[in-house]
Amino acid sequence: MTVHTVAVLGAGLMGRGIAYVSAIGGYRTILQDTSDAALDQASAEISALLEKGIATGKVKGEDAAAAHKRLTTCTRLEEAAREADLVIEAVPEQIALKVELFGTLDRLAPVHAILASNTSSLSITEMAAATSRPAQVVGMHFFNPVHRMRLLEIVRALETSEATLALAAEVGGRMGKECVVVRESPGFVTSRINAMIGNEAFYMLQEGIASAADIDRALKLGLNHPMGPFELVDLVGLDTRLAILKFLHRTLGEKFRPCPLIEQYVAAGRLGRKSGRGVFDYPAGS
Ligand SMILES: NC(=O)c1ccc[n+]([C@@H]2O[C@H](COP(=O)([O-])OP(=O)(O)OC[C@H]3O[C@@H](n4cnc5c(N)ncnc54)[C@H](O)[C@@H]3O)[C@@H](O)[C@H]2O)c1
């Protein structure tokens, strides 16, 4: 099977980035979201990324124009799903929402279509069970910001076929990613490690061991992490990270109990860059 059309569901932080690499990778791309505002913001960001790509010499003018042409947006799921060879969902990290979406997609997408989830931690097998095509369901875990991060973590659920894995890897390659295939397990490889480090950093902050800025500096300069854990969680979104931690706590046990401080930040609406304030402040326009 050859993938011509990719539908990306959810035009938030991740969906807009996946739509960008998909269009640049040569796929006809349909970006769908229930919110018009999210789609408007996503289109503006994708255009800005293409402009920046041209300005820095990373994208040729004609490639950017072609990518622009390949990309459309819509609010109706039917419209996005009915012509897709591959659907990649990037809706919020809630299992009930994703399971319901996979059931609906199974009815709307062509029978040959592959259904993929960009979940950071949840069970692809559970999503696959809501469909009549579990062999064609796979995890395609991209990283934020999608246009810059090189990894695609491909997740093999209980019944994912070899053909589906091969297709996910081929698409990942055309989107400019290097792929690793992991067997399904809560948090896969990357989110499990990342959640552990990030949660520990919140415990240290809560205990007053060092300031947030100094904890970040220590990990960057001493352990050679490209970003500090707080800089990173502000980019990921504290709500998304908390949802992952709660799931890992439930499935892998006590060592992943979310630090009360992250729960408090989320309750206060401090969600990270996307809300203007997380661990650090992001004044408008910064
Ligand atoms: N944030 C990260 O760094 C990151 C990294 C890797 C994977 N992920 C995963 O990607 C997924 C999305 O995360 P995000 O950070 O982009 O979230 P986000 O909150 O930025 O965006 C989610 C988008 O989904 C839309 N949406 C909600 N319900 C919908 C529905 N039923 N149909 C279509 N659109 C719907 C919302 O309007 C919103 O625009 C999650 O599963 C998350 O775990 C996130």
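Whatever comes next refers back to the structure up there.
Counting starts from 1 at the beginning of each chain's written sequence and moves along it residue by residue. Confidence filtering applies because this is a predicted model: local features only for residues at pLDDT of at least 70, side-chain atom pairs given and counted only at 80 or more, and all residues used for totals across whole chains, interfaces and linings. The side-chain figures draw on all heavy atoms in the structure; neither hydrogens nor water molecules are used.

Peer 1: Would you take a moment to explain helix α11 (residues 238-252) for this structure?
Peer 2: Only DSSP runs of H or I covering at least 4 residues are called helices, and only runs of E covering at least 2 are called strands; the numbering of each starts at the N terminus. For a helix, the expected span equals 1.5 Å multiplied by the residue count minus one. Across its 15 residues, α11 extends 20 Å between first and last C-alpha, which sits within 8% of the 21 Å expected from 1.5 Å per residue. Three exposure classes are used, based on accessible area relative to the maximum for each residue type with a 1.4 Å probe and protein chains only: buried under 20%, partly exposed in between, and exposed over 50%. Restricting attention to buried positions, one finds in α11 the residues L238, R241, L242, I244, L245, F247 and L248.

Peer 1: When you look at the packing of helix α9 (residues 212-223) against helix α10 (residues 229-236) in this model, what are you seeing that I'm missing?
Peer 2: Two quantities define a packed helix pair, namely the angle between the helix axes and the distance between the axes. Here an angle of 0 to 180 degrees is reported between the N-to-C directions of two axes, which are lines fitted to C-alpha atoms, with helices fitted over the stretch in contact. The geometry of α9 relative to α10 is characterised by a closest axis approach of 7 Å and an angle of 105° between their N-to-C directions. On the basis of their axis angle, the class for α9 and α10 is roughly perpendicular. Of the residues in α10, those in contact with A212, I215, D216, L219 and K220 of α9 are P229, F230 and E231. Residues are grouped as follows: Ala, Val, Leu, Ile, Met, Phe, Trp, Tyr, Cys and Pro are nonpolar; Asp, Glu, Lys and Arg are charged; all remaining types, including Gly, are polar. The residue inventory of the contact of α9 with α10, partitioned by class, reads five nonpolar, no polar and three charged. Here is the rule for angles: anything less than 35 degrees is roughly parallel, anything more than 145 is roughly antiparallel, 65 through 115 is roughly perpendicular, and the remaining ranges are oblique. Between two residues, a contact is recorded if the distance between any of their heavy atoms is within 4.5 Å.

Peer 1: Explain the environment of G176 to me, please; I cannot follow it from the model alone.
Peer 2: Following the sequence through the fold, G176 ends up in the loop between α7 (162-174) and β8 (178-183). Linking G176 and R148, residues 28 residues apart in sequence, is a C-alpha distance of 9.5 Å.

Peer 1: Sorry, what's going on with the site of the ligand here?
Peer 2: Contacts to the ligand come from 25 residues, most closely from M14, D33, E93, K98 and S120. Contact distances for the ligand include 2.7 Å between an oxygen atom and a side-chain N or O atom of K98. Its free accessible area being 840 Å², the ligand has 84% of it covered by the protein chains. Put simply, the parts of the chain that give the shell around the ligand at least two residues each are α1 (13-24) and α5 (95-108). Per-class residue counts for the shell around the ligand are 10 nonpolar, 11 polar and four charged. Segment limits for the domains were obtained from an automatic or database-derived domain assignment. Two domains each put at least three residues into the shell around the ligand: domain 1 (5-183) and domain 2 (192-274). Near, as used in this document, describes a residue that has one of its heavy atoms within 4 Å of the molecule or strand being considered. Under the rule applied, a polar contact is a pair of N or O atoms within 3.5 Å (in protein, one hydrogen donor and one hydrogen acceptor; residues adjacent in sequence only if both atoms are side-chain atoms). Here the Shrake-Rupley method, with its probe set to 1.4 Å, supplies the accessible areas, and only the displayed protein chains count as covering residues.

Peer 1: Is there a simple way to explain the environment of V8 in this structure?
Peer 2: Within the secondary structure layout, V8 lies in strand β1 (residues 5-9). Along the chain, V8 and F102 lie 94 residues apart, while their C-alpha atoms are 13 Å from each other. Non-local contacts of V8, meaning those with residues more than four positions away in its chain, are made with G15, I18, A19, T29, I30, L31, Q32 and I88.

Peer 1: I would appreciate a short explanation of the side chain of D216 in the present structure.
Peer 2: When you line up the elements, D216 lands in helix α9. Among buried Asp, Glu, Lys and Arg side chains, D216 stands out as unpaired, with K220 the closest opposite charge at 5.6 Å. Here E231 takes part through its backbone nitrogen, which lies 3.0 Å from a polar atom of the side chain of D216. Under the convention used here, Asp and Glu are negative, Lys and Arg are positive, and both His and the chain ends fall outside the count. For salt bridges, the criterion is a side-chain nitrogen of Lys or Arg within 4 Å of an Asp or Glu carboxyl oxygen.

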